[in-house]
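So the chains spell out like this:
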Amino acid sequence: MQAAIRSYVELFGHGVVIARAGIKSRTSAYRSLKPETKPNFATLVQLAHAVIEIAKEQVGESLPKSVTV
């Protein structure tokens, strides 16, 4: 799960995802994404929710107006 979230965070940009997640400590966010650390599950959940929101917005922008996301 950590690797999947990390790849999407890299795709959308660390700063954008961390800001959307409302995480105050960038260090905590980066530490939770590092493969050699034991991640903070709550931080990963925050990042995952932010990634989902950003992805939904991007998909919504590329769909015709008649399609609802």
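Residues numbered from 1 in each chain as written. Predicted model: local features only at pLDDT ≥ 70, side-chain atom pairs only at ≥ 80, totals over all residues. Heavy atoms only, no water.

Caption draft 1: Molecular detail of the overall build of the protein. Scanning the protein for helices and strands turns up four helices and zero strands. Taken from the N to the C terminus, the helices and strands of the protein come in the order α-α-α-α. Residues counted as buried form 28% of the 69 residues belonging to the protein. Summing over all exposed atoms, the protein offers an accessible surface of approximately 4700 Å²; the carbon and sulfur share of this is 58%. (Helix = DSSP H or I, 4+ residues; strand = E, 2+ residues; numbered from the N terminus. Buried < 20%, exposed > 50% of the residue type's maximum accessible area, 1.4 Å probe, protein only. Areas by Shrake-Rupley, 256 points an atom, 1.4 Å probe, with all protein chains shown as cover.)

Caption draft 2: Geometry of the packing of helix α2 (residues 14-21) against helix α3 (residues 26-33). One can describe the packing of α2 onto α3 by two numbers: an axis separation of 11 Å at closest approach and a directional angle of 115 degrees. Relative to α3, α2 is oriented roughly perpendicular. Taken as a pair, α2 and α3 cross one another with a handedness that is right-handed. Touching His14, Gly15 and Ile18 of α2 are Arg26, Ala29, Tyr30 and Leu33, all from α3. In terms of residue class, the contact of α2 with α3 is made up of four nonpolar, two polar and one charged. (Axes fitted to C-alpha atoms, helices over the stretch in contact; angles between N-to-C directions. Parallel < 35°, antiparallel > 145°, perpendicular 65-115°, else oblique. Left-handed = near helix turned anticlockwise from the far one by under 90°. Contact = heavy atoms within 4.5 Å. Nonpolar A, V, L, I, M, F, W, Y, C, P; charged D, E, K, R; others polar.)

Caption draft 3: Molecular detail of the side chain of Arg6. Mapped onto the secondary structure, Arg6 falls in helix α1 (residues 2-12). Put simply, Arg6 is tucked away with no salt bridge, and the nearest opposite charge, on Glu10, sits 4.5 Å away. (Lys, Arg positive; Asp, Glu negative; His and termini not counted. Salt bridge = Lys/Arg side-chain N within 4 Å of Asp/Glu carboxyl O.)

Caption draft 4: Quick peek at the nonpolar core. Grouped together as the largest cluster of nonpolar side chains are 14 residues, with contacts concentrated most on Ile5, Val9, Val17, Ile23, Leu33 and Leu47. At the level of elements, α1, α2, α3 and α4 (41-62) are the ones that each hand at least two residues to this core. Here Leu33 is in contact with Gln2, Ile5, Arg6, Val9, His14, Leu44 and Leu47, once residues within four sequence places are set aside. (Core = buried A, V, L, I, M, F, W, Y, C linked by side-chain atoms within 4.5 Å.)

Caption draft 5: Here's a closer look at the pattern of salt bridges. Per the stated rule, a full pass over the model turns up three salt bridges. One salt bridge in this structure joins Arg20 and Glu53, with 3.3 Å as the shortest N-O distance. Placement of the pair is Arg20 in helix α2 and Glu53 in helix α4, with a sequence separation of 33 residues. Glu57 is the salt-bridge partner of Arg20, the closest N and O atoms lying 3.0 Å from each other. Here Glu57 lies in helix α4 and Arg20 lies in helix α2, a separation of 37 residues in the sequence. We classify Glu57 as partly exposed; its relative accessible area is 39%. Counted as one network, the salt bridges with shared partners bring together Arg20, Glu53 and Glu57.

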